[in-house]
Amino acid sequence: MTVAAELVAEQAELWHRLTAHPFVAAVAEGTLPAAAFDRWIVADHGFVVGFRRFLAKLLALAPDEPARDLLASGLVALTPELALFRRAAVERGLDLSAAPGPTALGYTSYLQSSLDDGWQVALTVLYGAERAYSDAWRAVADGAAASAYTPWVDNWASDDFAAYVDALGTLLERAGGRPRHDVFGTVVRFELRFWDAVHLGDTWV
Ligand code: MP5
């Protein structure tokens, strides 16, 4: 089994919850309340801003040119993605500078702290976050109703994005070492909490 397959297999139960999450299902059905979608736009914009800073530092840790090429392609893709979030925020009258809730702050802080543990650990984090979005949105894309949410489903359900995630899995294989189930498990838990937070709300007190 590949490292990537082993990591997902170890988290099979939580992985199923992630790809069948009610937030993702409601986006695909076009039935998600606007307030919950607005919360996700603000929270995920903040996540992607933090994620880009994480990815830039991870690129500097990469061991060789093919790895740097792949991560650079991931970085470049975040420019149009952030533009999508910013446009949606203007259209919907959302304040993107709002302070993040505890879950979003915890997750982006975890991204940063994983860099201190080196290439294999931080690459495991990157792989987990990207694989989660690819699998969750692909799980619902085929049956998705056409709605205002469709461009968002398509953004992460695309074959191009799946190919990028596969290539990250190949990098993980080459990174060597035993699969870091602890790290991958933390990412899966953060992804689940993130969906819960935007679906139900996430306040400090
Ligand atoms: C991603 C994301 C995927 N946008 N949000 C969360 C909470 N997890 C993963 O990252 P990207 O940069 O949008 O591909």
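Residues numbered from 1 in each chain as written. Predicted model: local features only at pLDDT ≥ 70, side-chain atom pairs only at ≥ 80, totals over all residues. Heavy atoms only, no water.

Chemist: Provide a residue-level description of the overall build of the protein chain, including the pertinent values.
Modeler: Broken down by element type, the protein chain carries 10 helices and zero strands. Secondary structure elements in the protein chain, listed N-terminal to C-terminal, are α-α-α-α-α-α-α-α-α-α. At 16 Å, the protein chain has a C-alpha radius of gyration in line with the 17 Å of a compact globule built from 205 residues. Expressed along its principal axes, the backbone C-alpha trace of the protein chain runs to roughly 45 × 35 × 35 Å. Taking all 205 residues of the protein chain together, the buried fraction comes to 47%. Of all intrachain contacts in the protein chain linking residues separated by at least 6 positions in sequence, the fraction that spans at least 24 positions is 86%. Total accessible area on the protein chain is roughly 9700 Å²; 55% of this is exposed by carbon and sulfur atoms. (Helix = DSSP H or I, 4+ residues; strand = E, 2+ residues; numbered from the N terminus. Rg over C-alpha atoms; globule rule 2.2 N^0.38 Å. Buried < 20%, exposed > 50% of the residue type's maximum accessible area, 1.4 Å probe, protein only. Contact = heavy atoms within 4.5 Å. Areas by Shrake-Rupley, 256 points an atom, 1.4 Å probe, with all protein chains shown as cover.)

Chemist: Got a sec to walk through the packing of helix α6 (residues 102–114) against helix α7 (residues 119–141)? Specific residues and values, please.
Modeler: It is at 8 Å that the axes of α6 and α7 come closest, and there the two elements cross at 145°. Touching Y107, Y110, L111 and S114 of α6 are V121, A122, V125 and A129, all from α7. Looking at side-chain class alone, the contact of α6 with α7 contains seven nonpolar, one polar and no charged residues. (Axes fitted to C-alpha atoms, helices over the stretch in contact; angles between N-to-C directions. Nonpolar A, V, L, I, M, F, W, Y, C, P; charged D, E, K, R; others polar.)

Chemist: Mind laying out the side chain of T108, listing which residues take part and the relevant values?
Modeler: Structurally, T108 is set in helix α6. Residue classification places T108 among the buried residues on the basis of a relative accessible area of 17%. Leave out the neighbours within four places in its chain, and T108 touches G46, F47 and G50.

Chemist: Kindly report on the layout of surface pockets, identifying the contributing residues and their values.
Modeler: Any empty space left between atoms is shown by rolling a water-sized probe over those atoms. Here the largest pocket defines a volume of roughly 600 Å³. Around the largest pocket sit 29 residues that line it, and V42, A43, P100, G101 and A104 are the ones nearest its centre. If you list the elements that add at least two residues to the lining of the largest pocket, you get α4 (34–61), α6 and α10 (181–200). Ranked by residues supplied to the lining of the largest pocket, first place goes to α4 with 11 residues. Residue composition of the lining of the largest pocket, grouped by class: 15 nonpolar, 10 polar and four charged. Its volume calculated, the second largest pocket comes out at about 360 Å³. Lining the second largest pocket are 19 residues, and of these L78, E81, E130, W156 and F161 lie nearest its centre. (1 Å grid on protein atoms, 1.4 Å probe; cavity = no way out; pocket = protein on both sides within 12 Å on 5 of 7 lines; lining within 4 Å. Points joined across faces, edges and corners; volume = space filled by probe spheres on them.)

Chemist: An account of the pattern of salt bridges is requested, with residue identities and associated values reported.
Modeler: In total, this model carries six salt bridges according to the counting rule given. Between D159 and R138 there is a salt bridge, with the nearest N and O atoms lying 3.1 Å from each other. With D159 in helix α9 (residues 159–175) and R138 in helix α7, this residue pair connects regions lying 21 residues apart in the sequence. Ionic pairing is found between R180 and D182, a salt bridge with its closest N-O pair at 2.8 Å. (Salt bridge = Lys/Arg side-chain N within 4 Å of Asp/Glu carboxyl O.)

Chemist: Lay out α9 with the relevant residues and their values.
Modeler: Over its 17 residues, α9 runs 24 Å from end to end, which matches the ideal 24 Å to within 8%, given 1.5 Å per residue. Of all the positions in α9, only F161, A162, Y164, V165, L168, G169, L171 and L172 are classed as buried. Buried positions in α9, seen along its axis, are confined to an arc of 165° and lie on one side of it. Residues D159, D160 and D166 are exposed on α9 and point more than 90 degrees away from its buried face. In this structure, the buried residues of α9 make contact with α1 (3–10), α4, α5 (65–92), α7 and α8 (150–157). Two residues or fewer past α9, G176 is found with a positive phi of approximately 75°. (Expected span 1.5 Å × (residues − 1). Arc of directions from axis to C-beta.)

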